[in-house]
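Tertiary structure, described
Below, each chain spelled out in residue letters.
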Amino acid sequence: MDTEIRIFPTPVLLAESLAVELVRIIKSHESSGAPVSIALSGGNTPELLFSIMGKNFSDSSFWKVVHFFWVDERCVPPEDTESNFGMAKSALLDKILIPGTNIHRIKGEENPEKEAMRYSEEISMFTMKKNGWPFFNIILLGLGEDGHTASIFPGNERLFSADEICAVAKHPDTDRNRITLTGNVINNAETVIFVVTGKGKSQMISNVLENRGGRIKVPASYVKPADGELYWYLDSGAASKSDTLKLK
Ligand code: 6PG
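Residues numbered from 1 in each chain as written. Predicted model: local features only at pLDDT ≥ 70, side-chain atom pairs only at ≥ 80, totals over all residues. Heavy atoms only, no water.

Some details on the sheet that holds strand S1 (residues 2-8)
- Taking strand neighbours across the sheet as the criterion, the six strands line up as S1-S11-S10-S7-S2-S3 in an open arrangement whose pairing is parallel. At either margin of the open sheet sits one strand with a lone partner, and together these are S1 and strand S3 (66-70). The average angle at which neighbouring strand axes cross in this sheet is 20°, direction not considered.
- The pairing of strand S2 (residues 36-40) with S3 spans five bridges and is classified as parallel. Within S3, the residue paired with Ser 37 across the bridge is His 67. (Pairing = 2+ DSSP bridges. Helix = DSSP H or I, 4+ residues; strand = E, 2+ residues; numbered from the N terminus. Axes fitted to C-alpha atoms, helices over the stretch in contact; angles between N-to-C directions.)

So, in structure tokens, the structure goes:
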């Protein structure tokens, strides 16, 4: 596993650079004609990236080879303001030329346990397999201030070795159900990219990237794509508590 940390002065500069990098990866696969499977993270951070991609690449033809999935989803209907799919739809999916059959949303409005199973089957049907697990070309991840990623929260690290492709999780504060990819799928990806901005994440970034958390390992620390590449896209705020991570 190669890890690369990229730090940008602002969230906009980070998002513009990452948008170009994602397009470069997509185009590198386009010539082979093979589908490019991308799992999108949720929360607030990626909305800027999605908006920039939706604006700058709205007419691009390469979207026809991309299949979008979600890393996790809140168990709410797609029109709910909490919906990760809903956010991606308005920021990106409604702006680009992508076939509807290439969009594989988690149905947050369905029964969580049944949807986790159904979504696992949909992932299996529409992605390649590698090491016996679904293989994603790209997985975008966020980082919570408590060190969670996807919807794998502290105390639930067993999901990094779970046998399921997807699992039902509960947000520790709101107790609301979520559906999440599990760790074996995340760590089976070709390219995993954390996107983290803001001073609020700076202590956790230092804990995770500089092992400042002492003996306590948080879920994000378990993200280690065995045969893949791991990138951390940070803005200067998120990197502000790190001694070794400095803007180049
Ligand atoms: C979600 C995400 C979650 C998110 C982090 C960071 O559904 O909320 O998958 O893991 O990436 O909580 O969220 P923010 O970007 O809102 O800080």
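Things to note about helix H4 (residues 112-126)
- With 15 residues, H4 ought to run about 21 Å at 1.5 Å a step, and its terminal C-alpha atoms sit 21 Å apart, in line with that.
- If you check which residues of H4 are buried, you get Pro 112, Glu 115, Ala 116, Tyr 119, Ser 120, Glu 122 and Ile 123. Taken down its axis, H4 places every buried residue within 165° of arc, on the same side. Across from the buried face of H4, at angles greater than 90 degrees, the exposed residues are Lys 114, Met 117 and Met 125.
- Tucked into the core, H4 has its buried residues touching S3, strand S6 (133-135), strand S8 (166-170) and strand S9 (177-181).
- A distance of 3.1 Å separates the backbone nitrogen of Glu 113 from a side-chain oxygen at the start of H4, and that oxygen is part of Asn 111. (Expected span 1.5 Å × (residues − 1). Buried < 20%, exposed > 50% of the residue type's maximum accessible area, 1.4 Å probe, protein only. Arc of directions from axis to C-beta. Contact = heavy atoms within 4.5 Å. Polar contact = N/O pair within 3.5 Å; in protein donor to acceptor, adjacent residues only side chain to side chain.)

A few points about helix H2 (residues 46-56)
- Of all the positions in H2, only Pro 46, Leu 49, Phe 50, Ile 52, Met 53 and Gly 54 are classed as buried.
- Against helix H1 (11-30), S2, helix H3 (84-91) and strand S7 (138-141) lie the buried residues of H2.

Quick notes on the sheet that holds S8
- Strand order in this open sheet of three strands is S4-S9-S8, and the pairing throughout is antiparallel. Lying at the two open borders of the sheet, with one neighbouring strand each, are strand S4 (72-74) and S8. Strand-to-strand twist across the sheet, computed as the mean angle between neighbouring axes with direction ignored, equals 20°.
- In this sheet, S9 lies alongside S8 in antiparallel orientation, the contact comprising five bridges. Looking at the pairing, Ala 169 lines up with Arg 178 of S9.
- Taken strand by strand, H4 contacts S8 and S9, and its axis lies near 145° from that of S8.

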